[in-house]
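# Examining the three-dimensional arrangement
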Amino acid sequence: MGLITEKLPGIIEPVPGGSVLLSSMDAVINWARSNSLWPLTFGTSCCAIEVMMASGAARHDLARFGAEVTRPSPRQADLLVIAGTIVRKMAPRLKLLYEQMAEPRYVIATGSCAISGGPFIYNNYSTVRGADEIIPVDVYVPGCPPRPEGFFYGILQLQRLIREGESIRRPGERRKPVLAALPAGITLDQIQAELRELLESKAQVKLGASATAGRG
Amino acid sequence: MEANELISTVQSLEPAATLRDKVDRPAMSVPKESVPALMRRLRDEPALSFDMLCAHTAIDWHNENRIELVYQLYSTKHRHYLAVFVSLLRDMPVVTSVSDVWRIAEWQEREVYDMFGVLYRSHPDLRRILLDDDWKGFPLRKDYKDEFMLEAPK
Ligand code: SF4
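The rules behind the values
Residues numbered from 1 in each chain as written. Chains lettered and ligands numbered in written order. Predicted model: local features only at pLDDT ≥ 70, side-chain atom pairs only at ≥ 80, totals over all residues. Heavy atoms only, no water. Pairing = 2+ DSSP bridges. Helix = DSSP H or I, 4+ residues; strand = E, 2+ residues; numbered from the N terminus. Contact = heavy atoms within 4.5 Å. Axes fitted to C-alpha atoms, helices over the stretch in contact; angles between N-to-C directions. Buried area = accessible area lost by both parts, 1.4 Å probe. Salt bridge = Lys/Arg side-chain N within 4 Å of Asp/Glu carboxyl O. Nonpolar A, V, L, I, M, F, W, Y, C, P; charged D, E, K, R; others polar.

Our focus in this paragraph is the sheet that holds strand β4 (residues 66-74) of chain B. Within a sheet, neighbouring strands are paired by backbone hydrogen bonds and run either parallel or antiparallel to one another. All names here are of chain B. Pairing is mixed across the open sheet formed by five strands, whose spatial order is β1-β2-β5-β4-β3. Whereas interior strands pair on both sides, the edge strands pair on one side only; in this sheet they are β1 (18-19) and β3 (52-61). Here two bridges tie β1 to strand β2 (residues 27-30), and the two strands are oriented antiparallel to one another. Bridging across to β2, Leu19 finds its partner in Met28. Running over the sheet, helix α2 (residues 35-44) touches β2, β4 and β5 (81-89) and is turned about 175° from β5.

Structure representation (structure tokens):
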């Protein structure tokens, strides 16, 4: 893998048709990466129960998305799920863990605490106001705690980001994070109307077509 | 032991102990001078035998300028609970350690020292336990402030 991602672009690029080949290799590599995320077991408070334990257990079954191989060592993991509050004493350790993970590495911040400090944002002496003050975050999953479904949506977003994002020509460059925050000026009524429209338009399903489309 | 009986037994050991109302379990306030001796008798008296210190913490009544220590006791033999409250001056919160009565008190007192700045006489190792060693101030005191803290908007 290291040979392909580091040496190959320089060799193939000048050859006629090389960039086409590289692009299709990008697609294959990103597809492989996105379907075998290995998360690090790193839970610091209540969100860990929901995100690491409930999601991994039989009822919700994280294995459906190929992300169930949780590793207790950062050197074997490529997805850091920040599940819980990050306190100032934890911050250097979190940074260390992140730096120990091999490239390419991805970060999902779950729960208000990891996004912004959440319930502990004001008058608090210990809580870091958002994990992205310490390390770069790719996907934010809001909630306190997010339901496992919400977390899965976050994983699917991350998989989308991986598939569309990086190229072996420019490793480390990604699309912008999928932000959880709403753009300004959008009201609840608009969201509800749009959702209703979406649900109605999706209410009719052609079984044959949707079975193949779902594979992605 | 029934609650009434428990309370009268404690009062016979320490006449200055007063009953606190509005609590769901027997709770007594005792003067701080009586702490180590009374605690030892609470543990050793066969009818009481409070052999477990479930929790030890503090409350900061900063308007009244006092810090109140809470000792939650439990007897695994008789299965009864007792809460003991000790009031200290907020500017000089000094009390004798009970770590030689219950070993677990050693760490719990370190935590109360860490968060409230209560000083324990004859504690074997009174250091900070959760915060960094060079931390300034005691964050669970109600008037604690530092430059990291964010004020809530009014
Ligand atoms: S976001 Fe809520 S559930 Fe998650 S760690 Fe923070 S307080 Fe706990």
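Here we come to the sheet that holds strand β2 (residues 79-83) of chain A. Residue and element names in this part refer to chain A. Spatially, four strands are ordered β1-β2-β3-β4 in an open sheet, and the strand pairing comes out parallel. Edge positions in the open sheet fall to β1 (39-40) and β4 (139-141), since each of these has one partner strand only. The sheet contact formed by β2 and strand β3 (residues 106-110) spans five bridges and is parallel. Bridging across to β3, Leu79 finds its partner in Tyr106. Taken strand by strand, helix α4 (residues 46-56) contacts β1, β2 and β3, and its axis lies near 140° from that of β2.

Facing 16 residues of chain B, the contacting portion of chain A comprises 11 residues. Interface area, chain B with chain A, both sides summed: about 1,200 Å², of which 62% is carbon and sulfur. Interface area lost by chain B to chain A is led by Phe148(B), Met149(B) and Leu150(B), which between them contribute 50%. Here chain B and chain A share one salt bridge between them. In terms of residue class, the side of chain B that touches chain A is made up of 13 nonpolar, no polar and three charged.

Residue and element names in this part refer to chain B. Alignment of β3 against β4, held across nine bridges, turns out to be antiparallel. Its bridge partner being in β4, His56 is matched across the sheet by Tyr71. Remark: four residues form the turn of the hairpin made by β3 and β4, two consecutive strands paired antiparallel; Asn65 in that turn has positive phi of roughly 55°.

Limitation: the analysis is restricted to geometry and does not speak to function.
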